[in-house]
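Read off the chains here:
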Amino acid sequence: NQTSPVEFLLLGMGNTPTFQIPLFLLSLFIYLATVSGNILIVVLVVSEKRLHTPMYAFLGTLSSLEIWYSSTILPRLLASFLTGDRTISAHGCIAQFYFFSSLGATECYLLGAMSCDRYLAICQPLLYASLMTWKVCLQLVAVSWVMGNLVSITVTTFLSQMNFCGPKTIDHFFCDFNPLVDHSCSDTSVLTVVSFTVSFLSIIFPFFFTLVSYVCIIAAILRIPSSVGRQKAFSTCSSHLIVVTIFYVTLLIDYLMPRTAPLRQLNKVFSFFYTILTPLVNPLIYSLRNREVMDALRRAL
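Cut-offs used in this document
- Residues numbered from 1 in each chain as written.
- Predicted model: local features only at pLDDT ≥ 70, side-chain atom pairs only at ≥ 80, totals over all residues.
- Heavy atoms only, no water.
- Buried < 20%, exposed > 50% of the residue type's maximum accessible area, 1.4 Å probe, protein only.
- Helix = DSSP H or I, 4+ residues; strand = E, 2+ residues; numbered from the N terminus.
- Pairing = 2+ DSSP bridges.
- UniProt positions renumbered as here; feature names shortened; annotations may be inferred.
- Disulfide = S-S within 2.5 Å.
- Axes fitted to C-alpha atoms, helices over the stretch in contact; angles between N-to-C directions.
- Parallel < 35°, antiparallel > 145°, perpendicular 65-115°, else oblique.
- Left-handed = near helix turned anticlockwise from the far one by under 90°.
- Contact = heavy atoms within 4.5 Å.
- Nonpolar A, V, L, I, M, F, W, Y, C, P; charged D, E, K, R; others polar.

*Asks:* Explain the pairing of strand β1 (residues 7–10) here, please?
*Replies:* Put simply, side chains in a regular strand alternate between the two faces of the sheet. Only one face of β1 is buried: it carries F8 and L10, and the other face, with E7 and L9, is open. Bridge analysis of β1 against strand β3 (residues 169–170) gives 2 bridges, and the strand direction is parallel. Paired with L10 across the bridge in β3 is I170.

*Asks:* Before we go on, may I ask you to explain the UniProt feature "transmembrane region" (unreviewed entry) in the protein chain in this structure?
*Replies:* Per the UniProt record, "transmembrane region" (unreviewed entry) is annotated on residues 20–44, 56–74, 94–114, 126–147, 200–222, 234–257 and 269–288. Across residues 94–114 one finds 100% helix and 0% strand; the C-alpha atoms that close the span lie 30 Å apart.

*Asks:* I tried to follow the state of the cysteines on my own but got confused; where do I start?
*Replies:* Covalently bonding the sulfur atom of one cysteine to the sulfur atom of another cysteine gives a disulfide. Inspection of the entire model under this criterion finds 1 disulfide. What pairs with C93 in a disulfide is C175, and their sulfur atoms sit 1.9 Å apart. As the torsion about the S-S bond is roughly -115 degrees, the C93-C175 disulfide counts as left-handed. Of this pair, C93 sits in helix α4 (residues 90–123) while C175 sits in the loop between β3 and α7 (177–182), placing them 82 residues apart in sequence. The pair formed by C93 and C175 is uniform in burial state, with each residue classed as buried. For the unlinked cysteine C108, the closest cysteine sulfur is that of C116, found at 16 Å.

*Asks:* Looking at this structure, I do not really get the packing of α4 against helix α10 (residues 238–256). What am I missing?
*Replies:* When two helices pack together, their arrangement is given by the angle between the helix axes and the distance between those axes. Orientation of α4 relative to α10, taken along the N-to-C sense of each, is 140 degrees, at an axis distance of 11 Å. Our classification of the angle between α4 and α10 gives oblique. Crossing angle aside, the handedness with which α4 passes α10 is left-handed. On the side of α4, the interface is formed by F100, G104, E107, C108, L111, M114 and S115, while α10 contributes H240, V243, V244, F247, Y248, L251 and Y255. Considering only residue class, the contact of α4 with α10 consists of 10 nonpolar, 3 polar and 1 charged.

Structure follows, in structure tokens:
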């Protein structure tokens, strides 16, 4: 559209030349550690027969998703640190938003599926093998990917029809929904309704589903008479609970925080947590707090 800018300028983390090289090295380390750690988890889940269970199938899928999730943001950020070119084409910006939002929504659904798996394992242990079969596991994984893509396609389709005007600068380090809507000079009432509906389906609904699952899990654990039994039961879901807490707390704070100028830098900080740091710490949490994964890693080494 002739009224829309051909490209945007992502302000990123700021325009301080002295910090560009340190930020580049830090981002490069985070990206390499994220990719290496998650690839290691995927390789262990595929190669180790003892990990061929639905729980670790979910974990391998989550790790592969995290690789793509961080790859939608960090390579572009690394290039801007290295070259100083922070411009991105309008089509590239929309494409980045599509991949980021689809992978983020898929992760929400996948975390919900993993909480369902833990609920069955702890609250219905005698029926777990018959309820959580490989067919059910693969269906939940497939539904997570399909729903994540559907909700992202819906929002991206409406967003791509908007006319953008005003300043070309986006005060963020990637093309997120709110910064793009702020630059729209079209009527955004329909887009607002669509985005609210999609946010409910892809973020709020999986969050409450996960929350209810863990309320039931904790209630079942507290009913176990022995402390050893409670500790063993809690250890099977503690890693997933930590990952869910980090991801949803930072995500919800970022999207519910008022979009005012004084809080804009704080928005970036919370975005940095759930988009970059969460994929980094996931393999550490699952490997350090999971005896079977550590045993598989020792055998592989």
